[in-house]
Amino acid sequence: MTTNPPDLRPDLAPRAKIGDTPRPGQPTIGMVSLGCPKALVDSERILTRLRAEGYGISPDYKGADAVIVNTCGFLDSAKAESLDAIGEALSENGRVIVTGCLGAEPEYITGAHPKVLAVTGPHQYEQVLDAVHGAVPPAPDPFVDLLPASGVSLTPRHYSYLKISEGCNHRCKFCIIPDMRGRLVSRPAHAVVREAERLVEAGVKELLVISQDTSAYGADRKHDTERGIRTHIDDLARELGGLGAWVRLHYVYPYPRVRQLIPMMAEGLILPYLDIPFQHAHPETLKRMARPAAGIRTLDEIAAWRDICPDITLRSTFIVGYPGETEEEFQTLLDWLDEAQLDRVGCFQYENVAGARSADLPDHVAEDVKQDRWDRFMAKAQAISEAKLAQKVGQRIEVIVDEVDAEAATCRTKGDAPEIDGNLFIDEGFEALSPGDIVTVEVDEAGEYDLWGRLV
Ligand code: SF4
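Residues numbered from 1 in each chain as written. Predicted model: local features only at pLDDT ≥ 70, side-chain atom pairs only at ≥ 80, totals over all residues.

The name that an unreviewed UniProt entry assigns to the protein is Ribosomal protein uS12 methylthiotransferase RimO, with the source organism given as Arenibacterium halophilum. Reading the Subcellular location (unreviewed entry) entry of the UniProt record for the protein gives the comment "Cytoplasm". If you open the UniProt record of the protein and go to Function (unreviewed entry), you find "Catalyzes the methylthiolation of an aspartic acid residue of ribosomal protein uS12." (UniProt positions renumbered as here; feature names shortened; annotations may be inferred.)

Next comes the structure, spelled out in structure tokens:
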């Protein structure tokens with residue numbers, strides 16, 4: 001039987017795989033994409049532009065004339081991983097351009113790897129392209145370099161991330177994203193919808209809406225209306241829901257206005273799924289984190305959402321061992337989780353990130369206490385997940401097929417986002433299935449995080 005690895009890290013998307021064979025003599029670039037789905041979207045944009053300019057995309061270091069490393073700088077462990085990836089690209093290829101979140105700290109990169117050709121920050125698409133042009137001049141051939149209508153996607157063709165805004169107006173103390181990515185800038189809704197239409201026309205069956213703060217979408221534009229569509233998440237969700245694909249919302253904050261989205265989930269217009277980074281439940285911890293919506297009574301909101309849409313799947317991430325977190329605060333979090341009964345939970349032990357204001361807070365928690373709290377939290381989260389999945393046995397549900405191999409078809413239910421949630425496996429009679437198929441199964445077995453089912 002196929003299962004997910006137990007240490008699936010929700011914050012680190014797997015390295016993107018690129019399979020694209022360049023023609024002989026074509027200038028060719030390799031790409032290593034690290035970090036979260038938002039970084040993956042940036043990589044896709046860069047590759048789309050390069051393809052449009054006539055570059056080939058190499059699936060390995062050796063076939064590339066230069067390599068772009070799109071880095072992540074969110075946690076110190078992610079920074080170390082980025083530096084390792086740059087070092088590997090330098091030793092395997094030698095011509096390396098660095099971009100992405102860690103590019104906001106160029107000295108940090110050049111200090112460790114002085115031979116990189118260029119360092120650019122997040123979303124500096126033009127600068128990345130300039131650096132590529134300098135390192136490997138383009139050689140366009142209009143007869144063969146036709147840009148696919150949907151752009152170049154690093155994710156499988158049947159699902160695609162859709163970035164609706166960049167940056168964030170909050171100042172959570174553990175986070176340096178606003179310093180790296182700037183304040184909120186929303187894309188006009190008509191442009192997002194046009195991109196989504198093109199993706200759906202090209203065969204995408206599931207759209208994953210991402211941003212740093214999806215519920216704030218359009219606030220920077222005062223929710224203006226352009227070409228008939230208001231830049232507001234309610235309007236955007238309704239438009240996207242009309243395209244016939246699954247629409248999944250990530251990074252929503254628990255403001256009371258989120259209740260307006262839930263009827264669209266109950267109607268089946270968008271998926272009954274909310275990815276809400278609660279991070280903690282004790283008001284004092286949330287205050288010390290300077291979290292948005294810290295004063296909201298989240299259990300009341302969750303109850304209201306479930307009243308409107310009983311099938312809703314709630315996913316969230318938490319930090320344990322935040323500076324000053326007392327045993328009593330942690331116990332409040334555990335009690336909250338007992339009551340909230342979230343379906344999917346990720347948890348991190350607090351880590352100091354260079355430049356984050358939380359590092360200066362008093363009363364840092366000892367490593368062994370962090371570990372103990374993490375163990376207790378995850379044990380509870382796992383028990384909840386297991387009990388919730390067990391209730392699905394015997395139900396008939398729709399799933400989307402992600403992958404088919406000799407052993408099984410790996411699928412996801414409407415409650416599972418790719419890369420971060422569980423899977424449903426079909427290990428009998430699956431041979432005719434293809435990625436992107438949406439089929440109905442009867443669930444016949446449940447594990448801690450995954451389900452098994454058979455086609456009906
Ligand atoms: S809401 Fe907080 S954690 Fe999220 S990007 Fe903004 S500052 Fe960072």
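Colleague: Before we go on, may I ask you to explain the overall build of the protein in this structure?
Modeller: What the protein contains, in helices and strands, is twelve helices and 20 strands. Scaling as 2.2 N^0.38, a compact globule of 456 residues should have a C-alpha radius of gyration of about 23 Å, and the protein matches this with 22 Å. Referenced to the eigenvectors of the C-alpha coordinate spread, the extents of the protein come out at roughly 60 × 55 × 50 Å. When the 456 residues of the protein are sorted by exposure, 44% land in the buried category. Long-range contacts, defined here as pairs at least 24 residues apart, represent 74% of the contacts in the protein between residues at least 6 apart. (Helix = DSSP H or I, 4+ residues; strand = E, 2+ residues; numbered from the N terminus. Rg over C-alpha atoms; globule rule 2.2 N^0.38 Å. Buried ≥ 20, exposed ≤ 12 C-beta atoms within 10 Å, placed from the backbone. Contact = placed C-beta atoms within 7 Å.)

Colleague: When you look at the site of the ligand in this model, what are you seeing that I'm missing?
Modeller: Lining the immediate environment of the ligand, one finds Cys168, His170, Arg171, Cys172, Cys175, Ile177, Pro178, Gln212, Asp213 and Pro292. Looking at the shell around the ligand residue by residue, the class counts come to six nonpolar, two polar and two charged. (Near = placed C-beta within 6 Å. Nonpolar A, V, L, I, M, F, W, Y, C, P; charged D, E, K, R; others polar.)

Colleague: Help me understand the packing of helix α11 (residues 327-340) against helix α12 (residues 367-390), please; the structure alone is not making it clear to me.
Modeller: Packed helix pairs are specified by the crossing angle of their axes together with the interaxial distance, meaning the distance between the axes. At a minimum axis distance of 10 Å, the contact between α11 and α12 shows a crossing angle of 10°. Taken together, the axes of α11 and α12 lie roughly parallel to each other. Across from Phe330, Leu334, Leu337 and Asp338 in α11, the residues of α12 making contact are Arg373, Arg376, Phe377, Lys380 and Ala381. Partitioning the contact of α11 with α12 into residue classes produces five nonpolar, no polar and four charged. (Axes fitted to C-alpha atoms, helices over the stretch in contact; angles between N-to-C directions. Parallel < 35°, antiparallel > 145°, perpendicular 65-115°, else oblique.)

Colleague: Hey, could you run me through the pairing of strand β20 (residues 451-455) in this one?
Modeller: Moving residue by residue along a regular strand, the side chains alternate between the two faces of the sheet. Here two bridges tie strand β18 (residues 424-426) to β20, and the two strands are oriented parallel to one another. Bridging from a neighbouring strand, Phe425 pairs with Trp452 of β20. The sheet contact formed by strand β19 (residues 438-446) and β20 spans five bridges and is antiparallel. Residue pairing for β20: Ala446 is matched across the bridge by Leu451. Hairpin connection of β19 to β20: four residues between the antiparallel strands. (Pairing = 2+ DSSP bridges.)

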